[in-house]
Amino acid sequence: MDHYGKHFVAIIGGSVAGSEAAYLLAEKGIRVVVFDQKSLPYGKIEDGLPKWHAGLRDKEEALIDARLSHEGVRFVPNFQLGRDASLEELVNDWGFSAVIIAIGAWKDRMIDVPGIEKFINNGLVKQNDFVFWFNHNHEPDYSGPQYKILNNTGVIGGGLASLDVVKIVMIELVQQALAKRGVQVGMFALEKKGVASILEANNTSLSELGITPCTLFYRRAAEDMPLYPRKDDTVEGIAKAKTVSRKLLTNYQTKFLFNFEPHCIPVAAHGDNGQLTGLTFQRVRPEEGRLVNIPGDTFEFDSELIISSIGSLPMDTPGLPINGSLLRTYGEFGCMVEGYDNVFAIGNVVTGRGNILESKKHGRKITETIISDHLSPEYTDPMADKYDTLFRQIEADAGRKLENIVSNMDDTPTEPDDKIKEILDRTTELQTRVGYQGDYMTWANAHRPIRLEELIAEDK
């Protein structure tokens, strides 16, 4: 304890990996300041995990709360790197022994179609924005982007996150159409029972409701979708992953009634007066591990709503050496940020996997129970167990990398008392500026968004 007593570490980002790092360091007697860009540090658990995962979200946020409530952890909300302090200032002026970057990946990958950017929020919607809207639009004080779900929506993707997007579209379309007929069905019921079951119970169909289902477009075949991370590269392992992926997609289609279009990639966008009206797709085939165009085989998809769900990247952040899609790192465990000897990175900002579900690194294992559940006709949704497994993998990865970080700090001179006081004074000033009075749980409880299930309870 005494060895680490005068170390002070800054962590940028307080969600799964960041809070785990903070707690582990604090347990070693190392002082920690966690800076987060939002009022609450929950990251994609709050903003990217679809809100039907209510129990899992509450569980994971409670874990973060417990870690950040550690007496050795100071929390600074609404902090923006580059605005409130630069990385250079934190490293060189504030007196931190080390800075750990755990900001995740929030920048959507852009569809590789010439000129597609001009249609953003004019027919083209990015996944992160879309799920954020879905998760929060019920809140009385919501002021974020607004989206209207349309018939014949197209979703470009292929991972489990894109299946979440497809589910949102179909649930919203059916819920709205039934409401027009005076039939009130909640989102939780639609997600658990499935669109097909709800329609059957109400003796109706998509066509009778005037719904044209959405279509998921993927560049490869159903069995090639990354829905089940294979355990190894053996013939058996690959075959098993392909079988589970294909059956999982089939189950989702049966339950939520969307279309699936494999072996195609978007190559051109069409619009009218700045509004996207559709895409041209090129048919492709696999050839020696690559995708090659099938000459002359294209088709048109007319739609006024296309949702891009092809993954996320680290945000461009002042001072961080982000090259294309990844933060540049070095060292034995690949967690030291290039250009610095006391700045480290953990979590999705290193892996480049913006959505937790797409992170192969943290999704190595799915149990036989989940496999059987995937294929069971009574099964509702495999994602809660899957997410839980991945969260635990992220924590474990954070712990392994922290051992390397701490070992690098061993030879770092501890900070004198005046530097510690300066850090305390500066962070207190930032806290005071946003109304934070020093008690993490009081702040978290006061700023936690109202839940949809709370509104439902009030209406009963």
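Below you will find a few notes about this structure. All of these numbers come straight from a predicted model, not from anything done at the bench. Throughout this description, residue numbers start from 1 for each chain and increase along the sequence as written. Where local features are concerned, this predicted model is filtered to residues with pLDDT of at least 70; where side-chain atom pairs are given and counted, the filter is 80 or more; whole-chain, interface and lining totals use all residues. For the side-chain quantities, the full set of heavy atoms in the structure was used; hydrogens and water were omitted.

## So, the overall build of the chain
For clarity, the threshold we go by: Strands here mean DSSP runs of E at least two residues long; helices mean DSSP runs of H or I at least four residues long; both are numbered from the N terminus. Each residue is assigned to one of three classes by its accessible area relative to the maximum for its type, calculated with a 1.4 Å probe on protein chains only: buried under 20%, partly exposed between the two thresholds, exposed over 50%. By definition, residues are in contact when any of their heavy atoms lie within 4.5 Å. Here the accessible surface of atoms and residues is derived via Shrake-Rupley with a 1.4 Å probe, and residues count as covered only by protein chains that are part of the display.
Scanning the chain from terminus to terminus reveals 15 helices and 19 strands. The buried share of the chain, taken over its 460 residues, is 52%. Long-range contacts, defined here as pairs at least 24 residues apart, represent 71% of the contacts in the chain between residues at least 6 apart. Element-wise, carbon and sulfur atoms account for 48% of the exposed surface of the chain, whose accessible area totals about 20200 Å².

## As for the sheet that holds strand E13 (residues 306–309)
How we decide: We call two strands paired when DSSP finds no fewer than two bridges between them. Axes here mean lines fitted to C-alpha atoms, for a helix over just the part in contact, with angles spanning 0 to 180 degrees between N-to-C directions.
Strand order in this open sheet of five strands is E6-E13-E7-E8-E9, and the pairing throughout is parallel. Bordering the open sheet on either side are strand E6 (124–126) and strand E9 (259–261), each of which pairs with just one other strand. Strand after strand, the sheet turns through a mean of 25 degrees between neighbouring axes, direction not considered. Direction of pairing for E6 relative to E13: parallel, over a ladder of three bridges. Residue pairing for E13: Val125 is matched across the bridge by Ile307. Against the sheet, helix H6 (residues 160–180) touches strand E7 (154–157), strand E8 (215–217) and E13, its axis set at about 155 degrees to E13.

## A word on the nonpolar core
Keep this limit in mind: Residues belong to one nonpolar core when they are buried, are Ala, Val, Leu, Ile, Met, Phe, Trp, Tyr or Cys, and are joined through side-chain atoms within 4.5 Å.
Counting 46 residues, the largest nonpolar core has Phe130 and Phe258 as the members making the most contacts within it. Taken together, the elements giving at least two residues each to this core come down to helix H5 (127–136), H6, helix H7 (187–193), helix H8 (195–201) and helix H9 (235–256). Residue contributions to this core peak at twelve residues, all from H6. Contact partners of Phe130, with chain neighbours within four places excluded, come to Val125, Tyr147, Ile149, Val165, Ile168, Val169 and Ile307. Among the nonpolar cores identified, the runner-up in size contains 31 residues, and Val9, Ala22, Leu25 and Ala98 belong to it.

## Some words on the packing of aromatic side chains
For clarity, the cut-off: Stacked, tilted and edge-to-face are the three classes applied to pairs of Phe, Tyr and Trp rings, where Trp contributes its six-membered ring and a pair requires centres within 6.5 Å; stacked means planes under 30 degrees apart, edge-to-face means over 60, and tilted covers the rest.
Taken as a whole, this structure holds 18 aromatic pairs when the rule is applied. Taking 5.3 Å as the distance between ring centres and 90 degrees as the angle between the ring planes, the aromatic pair formed by Phe75 and Tyr440 counts as edge-to-face. Residue Phe75 is located in strand E3 (residues 73–76), and its partner Tyr440 is located in helix H14 (residues 440–447); the two are separated by 365 residues in the primary sequence. Residue Phe75 is classed as buried on the basis of its relative accessible area of 1%. By the ring-pair criterion, three or more aromatic residues cluster together here, those being Phe8, Phe35, Phe79, Trp94 and Phe96.

## Comments concerning unusual backbone geometry
In this model, Asn121 sits at a positive phi of 65 degrees, which is unusual for a non-glycine residue. Structurally, Asn121 is set in the loop between strand E5 (107–108) and E6. On the basis of relative accessible area, Asn121 is assigned to the partly exposed category, the value being 44%. Its identity is not glycine, yet Asn273 carries a phi of approximately 55 degrees, on the positive side. Checked against the element boundaries, Asn273 lands in the loop between strand E10 (264–272) and strand E11 (275–287).

## Re the sheet that holds E11
In spatial order, the strands read E10-E11-E12; together these three strands make up an open sheet with antiparallel pairing. Looking at which strands have only one partner, the edges of the open sheet turn out to be E10 and strand E12 (290–302). Strand-to-strand twist across the sheet, computed as the mean angle between neighbouring axes with direction ignored, equals 20 degrees. With eight bridges connecting them, E10 and E11 associate as antiparallel partners. Within E11, the residue paired with Pro266 across the bridge is Phe281.

## Remarks on the packing of helix H3 (residues 54–68) against H14
Convention followed: What sets the label is the angle itself: under 35 degrees gives roughly parallel, over 145 gives roughly antiparallel, 65 to 115 gives roughly perpendicular, and the rest give oblique. With the far helix as reference, a near helix turned anticlockwise by less than a right angle produces a left-handed crossing, and one turned clockwise produces a right-handed crossing.
At a minimum axis distance of 9 Å, the contact between H3 and H14 shows a crossing angle of 150 degrees. One finds that H3 runs roughly antiparallel with respect to H14. The handedness of the crossing between H3 and H14 is right-handed. Taking contact as the criterion, the partners of Ile64, Asp65 and Leu68 in H3 are, on H14, Tyr440, Met441 and Ala444.

## Points about the packing of H5 against H6
So the rule is basically this: In this classification, the charged set is Asp, Glu, Lys and Arg, the nonpolar set is Ala, Val, Leu, Ile, Met, Phe, Trp, Tyr, Cys and Pro, and all remaining amino acids, among them Gly, are polar.
Taken N-terminus to C-terminus, the directions of H5 and H6 make an angle of 45 degrees; their axes are 11 Å apart at the nearest point. The angle between H5 and H6 places the two elements in the oblique class. Regarding H5 and H6, the two cross each other, and that crossing is left-handed. Where H5 approaches H6, its residues Gln127, Phe130, Val131, Trp133 and Phe134 are matched on the opposing element by Ala161, Val165, Ile168, Val169 and Glu172. Taken together, the residues of the contact of H5 with H6 sort by class into eight nonpolar, one polar and one charged.

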